[in-house]
Amino acid sequence: MPDSRPRRPDDSAPDSAEAATTDPAPALVLSGARLTDGRAVDVRLSGSRIEAVGTAGSLAARGPRIDLRGYLLLPAPAEPHAHGDTALTADGSGPASDHPEDIQRRATEAALLQLGHGATALRAHVRIGDVQGLAALEAVLQARRALRGLADLTAVAVPRLLTGIAGADGLALLRDAVKMGAAVVGGCPDLDPDPTGYTAAVLEVAAEHGRPVDLHTDGDDPARLARLAAMAGGLRPGVTLGPCAGLAHLPLETASRAADQLAAAGITVVCLPQGGCTGSERRTTAPVRLLRSAGVRVAAGSGALRDTANPVGRGDPLEAAYLLASQHGLRPEHAYAAVSTTARAALGLPDVRVEAGFPAELLAVRGEQLSAALSLAYSRIVIHRGRIVARTSAVREYCDSDPDATAGPDLPRQGRPDSGVGPGS
């Protein structure tokens, strides 16, 4: 039976950063960080906001001071396309457990893994219907509550069928999911016998409740995309599609026309350069450069995370940005924007800049330049609402060279004065 319990007020949208502005914690100063424009700065955080930015060494600390010399300071990434209910299920010996407690544990662990990579906000697509009803959604919402203060997790309700006799139950369940706390109305129209009717039903429920829409589609049917763009154009608070990898297999002229239609409708496309989430042998990525040239907002997500669709998924937004740069020819700053600025916008979150007044959602990565950070981003410090919520440190050590080898130039060392061993990347 559908679960029609009243929606919890704090489960229907991302946690507001304003909720933490009264945090009594002392201001935190990030000292000596490097920005992408080359400046070395101090950044003082107060509550959930950046209070001040000044040249390195210029800001007094009213609380802890964190030395970020050797780190690049960036707006934190966001994860716009995760699958919390199926994450981390690839390694089991049999079918994955669908008990709510196990789903909650996996969703929490997956979100923490991605938080460690830098994603302070995540959107999880959760299947509803079949024999599970709303149990998986409730489990992901429980994970959301457990993660409060560490990361913002929102859920997309994904019904299987919405049209015909079989779809009536799915439509009722979708409305119940929104009441329960699904922040986004989603689905996969490709799996319904009537994809246009499915899309119309999703848009109707979204309009009824003022929710954004996030649809999962391969995008390989240009006529279907054209109808979707015409139906969704101008819908507020917005429509997101992904992964749209099928666009890459259409003739160039057809794909270009579809990209123009998506741009005119104001639709955001979330690509998945790390491997997708359908289990298809055709692992391709949406034509990112074509979409961008048409004016489509393109974000990048992780998709499957060590489940049957992708048993080796990493859930790392910096890897997604690296792949956009290395395989799709995007400049590093544009590649990183796809997992940060544009991804945050797709989630309906405010913009983040390393400037006074902006949200204190930040990622410090070992490196002096963005290209280096995307290449070897091992050591990271993650800041959510003005508080350090995750650290990852890597140390690389080299043994001495063969003493019998012919003498030559001194080998490079990353030595620290106290140990002679330097920090990793």
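This report concerns the structure included in the present document. (Residues numbered from 1 in each chain as written. Predicted model: local features only at pLDDT ≥ 70, side-chain atom pairs only at ≥ 80, totals over all residues. Heavy atoms only, no water.)

### Thoughts on the pairing of strand 6 (residues 79-82)
Sheet topology places strand 6 next to strand 7 (residues 121-128); two bridges connect them, and they run parallel. Paired with Glu79 across the bridge in strand 7 is Leu122. Handedness of the crossover joining strand 6 and strand 7 through helix 1 (residues 100-117): right-handed. (Pairing = 2+ DSSP bridges. Helix = DSSP H or I, 4+ residues; strand = E, 2+ residues; numbered from the N terminus. Right-handed = clockwise from strand over helix to strand, strands pointing away.)

### Structural notes on helix 8 (residues 317-328)
End to end, helix 8 covers 15 Å across 12 residues, agreeing with the expected 16 Å (1.5 Å per residue, within 8%). Of the positions making up helix 8, those classed as buried are Pro317, Leu318, Glu319, Ala320, Ala321, Leu323, Leu324 and His328. Phi turns positive one or two residues past the end of helix 8, at Gly329, with a value near 75 degrees. (Expected span 1.5 Å × (residues − 1). Buried < 20%, exposed > 50% of the residue type's maximum accessible area, 1.4 Å probe, protein only.)

### Thoughts on the pattern of salt bridges
The tally for this structure, following the rule as stated, stands at 22 salt bridges. Taking the shortest distance from any N to any O, the salt bridge between Arg65 and Asp42 comes out at 3.7 Å. One end of the pair, Arg65, is in strand 4 (residues 65-67); the other, Asp42, is in strand 2 (residues 40-46), and 23 residues separate them in sequence. With its nearest N and O atoms 3.6 Å apart, the salt bridge here joins Asp221 to Arg224. Take Asp221: its relative accessible area is 26%, and that puts it in the partly exposed class. Within the structure, one salt-bridge network assembled from shared partners comprises Arg44, Glu51 and Arg62. (Salt bridge = Lys/Arg side-chain N within 4 Å of Asp/Glu carboxyl O.)

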